[in-house]
Amino acid sequence: MKEKQYNVMIQYNLQWFAQDGPGGEKTEPATEKKLREAREEGKVAKSKELTLAVELIVLFLSLKIFISYVSSHLLAGIGTFYTKIPDMVFESSNGITVNAMKNLLNQAIIDIILIILPFLLIGFAVSFLVNVLQVGWKVTAKPMKPNPSKFNPINGFKRMFSKDSLFELVKSIIKIALIAYVAYSSVKNHQNELLYIYDIELLQAIMLLGNVILDTGVRIGFVYLIVGIADFIYQKHKFNEDMKMTKQEVKDEFKNTEGDPQIKGRQRQRMREASQRRMMQDVPKADVVITNPTHYAVAIQYDTAIAKAPIVLAKGEDYLAMKIREVAKEHQIEIVEDKPLARMLYANVDIGAEIPPELYQAVAEVLAMVYNLKNRA
């Protein structure tokens, strides 16, 4: 029996085999232009954990330093608040009125604001300074502009289950574990003092609890600082990886900013040709052409009405040197062979520039010889 043959067609997408990004994998460091544009859009390598850690440390240290100031003003405010209530009851025939209670609450709020205001200012200054140290100072409003892609639920689900979200989850678990361990250790170290809290006066108990809370907060802040530094290093690495470009992107950016290399090369070639044409037009004005004899040719003019010293009108090498000699012969300009002088002039003097004082003597001898030949003729 003959076996039946079946033709099976498998469809596949060529995009599976495509390289990542336009032009291949992103292996090139970000250019200054891309980093500058990212900075203007608010994309920077910044760690919120580091900022929060420094804020916690400074806050608890400030409270620890000014705890006597805070407690004294707080107790004074509470005492004033409770002493005024009986006064209002006995002094007024109508009892406590709404306006009187309103004024009392307003005064209490003002006292509380005056107590916490220095700490708020310190926190703001520390937060501002840490952020500036991380990313520098540049104000931009682009991150505040509404972005429709942020309201796309599909993009939201992608962000929820992305690698960054997983990293943030692991980081949060580590933070909670570290904070819980530090808080437990700190309270355990003060457990003997806390056992006698019911046997001491109220003010001493408040001071004791305040010291325990502040010590625990400072320890949590320093542990959190380690997490913040590690997070900042990771954010810096992640930012550099995200900003990497493909080779094609680097080439396209170079073309957009600097221009196409081929076009710029043609422009430079045309500029050289125009400069050479102008230079060849000046050769007939020369007094003498000094040669190597075949490799270099330098046309010299000495006119006191133009310059105090001889100037180089034209110079060239190989083919261009040959053209300078041909023009000189056509216009009956003397051609003098002096190998060392020709090399020195070609290497050290630009077109249109005066010769340096070191070459005055050598050039003067050549010019004197040329003038003598012209006088004899």
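Values in this document were obtained by computation on a predicted structure and should not be read as measured data. (Residues numbered from 1 in each chain as written. Predicted model: local features only at pLDDT ≥ 70, side-chain atom pairs only at ≥ 80, totals over all residues. Heavy atoms only, no water.)

**Some remarks on the overall build of the protein chain**
Next, step 1: Helix and strand counts for the protein chain stand at 13 helices and four strands.
Next, step 2: A total of 377 residues make up the protein chain; the buried ones form 25% of that total.
Next, step 3: Considering only contacts within the protein chain whose residues lie at least 6 apart along the sequence, 75% involve residues at least 24 apart. (Helix = DSSP H or I, 4+ residues; strand = E, 2+ residues; numbered from the N terminus. Buried < 20%, exposed > 50% of the residue type's maximum accessible area, 1.4 Å probe, protein only. Contact = heavy atoms within 4.5 Å.)

**Looking at the packing of aromatic side chains**
Between two aromatic rings, the relevant description is the distance of the centres plus the angle of the planes.
Next, step 1: Evaluation of the coordinates by the stated rule reveals one aromatic pair.
Next, step 2: Between the aromatic rings of Y296 and Y346, the centroid separation amounts to 4.8 Å while the plane-to-plane angle is 45°, which identifies the pairing as tilted. A residue pair is termed long-range when its members are at least 10 positions apart, and Y296 in strand β2 (residues 296-301) and Y346 in helix α12 (residues 339-348) qualify at 50 residues. (Phe/Tyr/Trp six-rings, centres within 6.5 Å; stacked < 30°, edge-to-face > 60°.)

**Focus on unusual backbone geometry**
Next, step 1: Even without glycine at this site, D318 takes up a positive phi of about 55°.
Next, step 2: Here D318 shows up in the loop between β3 (311-317) and α11 (319-330).
Next, step 3: On the basis of relative accessibility, which here comes to 41%, the residue D318 falls in the partly exposed class.

**Considerations on the side chain of D231**
Next, step 1: By secondary structure assignment, the location of D231 is in helix α8 (residues 202-242).
Next, step 2: The exposure class of D231 is buried, given its relative accessible area of 3%.
Next, step 3: Excluding anything up to four places from it in sequence, D231 contacts S47, K48, E49, F167 and K171.

**Quick word on the pattern of salt bridges**
Next, step 1: Counted under the stated rule, the structure contains seven salt bridges.
Next, step 2: Residues D242 and K238 are paired through a salt bridge, measuring 3.0 Å at the closest nitrogen-oxygen approach. On the criterion of helical spacing, the pair formed by D242 and K238 is a turn pair, its members being four residues apart in helix α8.
Next, step 3: Here the residues in one salt-bridge network are E49, K171, K175 and D231, joined through shared partners. (Salt bridge = Lys/Arg side-chain N within 4 Å of Asp/Glu carboxyl O.)

**Overview of the pairing of strand β1 (residues 288-291)**
Next, step 1: Along β1, one buried face is formed by V288 and I290 and the opposite face, lined by V289 and T291, is buried too.
Next, step 2: Inspection of the sheet shows β1 paired to β2 by four bridges, in the antiparallel sense. Bridge pairing in β2 links V289 to A299.
Next, step 3: Two successive antiparallel strands, β1 and β2, enclose a turn made up of four residues.
Next, step 4: Bridging between β1 and strand β4 (residues 334-337) involves four bridges; their strand directions are parallel. Residue pairing across strands places V289 opposite I335, the latter belonging to β4. (Pairing = 2+ DSSP bridges.)

**Structural notes on the side chain of K171**
Next, step 1: As for its placement among the helices and strands, K171 is situated in helix α6 (residues 163-189).
Next, step 2: A residue is classified by how much of its surface remains accessible, and K171, at 9% relative accessible area, is buried.

**Concerning the sheet that holds β3**
Next, step 1: Across the sheet, four strands lie side by side as β3-β2-β1-β4; this open sheet has mixed pairing. Looking at the sheet topology across the chains shown, the edges are occupied by β3 and β4. Between one strand axis and the next, the sheet turns by 20° as a mean value, whatever way the strands run.
Next, step 2: Alignment of β2 against β3, held across six bridges, turns out to be antiparallel. Looking at the pairing, Q301 lines up with I311 of β3. (Axes fitted to C-alpha atoms, helices over the stretch in contact; angles between N-to-C directions.)

**Some remarks on the confidence of the model for the protein chain**
Next, step 1: For the protein chain, mean pLDDT is 76; residues scoring 70 or higher make up 80% of the total.
Next, step 2: Contacts for the low-pLDDT stretch residues 12-22, under 50 throughout, to residues beyond four places or in other chains number seven contacts. (pLDDT = per-residue confidence, 0-100.)

**Focus on the environment of E25**
Next, step 1: Along the polypeptide, E25 turns up in the segment before α1 (32-40).
Next, step 2: Taking relative accessible area as the criterion, E25 reaches 54% and is therefore assigned exposed.
Next, step 3: Taking the C-alpha atoms as reference points, E25 and Q248, 223 residues apart in sequence, are found 9.6 Å from one another.

**Concerning the environment of D287**
Next, step 1: Summarising the element assignment, D287 is placed in the loop between α10 (261-282) and β1.
Next, step 2: Expressed as a C-alpha distance, the spacing of D287 and I300, which sit 13 residues apart in the sequence, is 5.9 Å.
Next, step 3: Not counting chain neighbours up to four residues away, the residues in contact with D287 comprise I300, Q301, Y302, I333, E334, L367, V370, Y371 and K374.

**Regarding the packing of helix α2 (residues 48-65) against helix α4 (residues 98-135)**
Next, step 1: Two elements in contact, α2 and α4, have axes separated by 9 Å at closest approach and are oriented at 150°. Overall, the two elements α2 and α4 adopt an arrangement that is roughly antiparallel. As for the relative orientation of α2 and α4, their crossing is right-handed in sense. Judged by residue contacts, L50, T51, V54, E55, V58, L59, S62 and L63 of α2 engage F119, I122, G123, V126, S127, V130, N131 and Q134 from α4. (Parallel < 35°, antiparallel > 145°, perpendicular 65-115°, else oblique. Left-handed = near helix turned anticlockwise from the far one by under 90°.)

**So, a nonpolar patch on the surface**
Next, step 1: A surface patch of nonpolar side chains, amounting to about 630 Å² of accessible area, comprises I109, I112, I113, I116, L117, L120 and L121.
Next, step 2: Its location among the elements puts I109 in helix α4.
Next, step 3: The partly exposed category is assigned to I109, whose relative accessible area is 46%. (Patch = residues over 30% accessible without salt bridge, like charges linked within 9 Å, V, L, I, M, F, W, Y side chains within 5 Å. Areas by Shrake-Rupley, 256 points an atom, 1.4 Å probe, with all protein chains shown as cover.)

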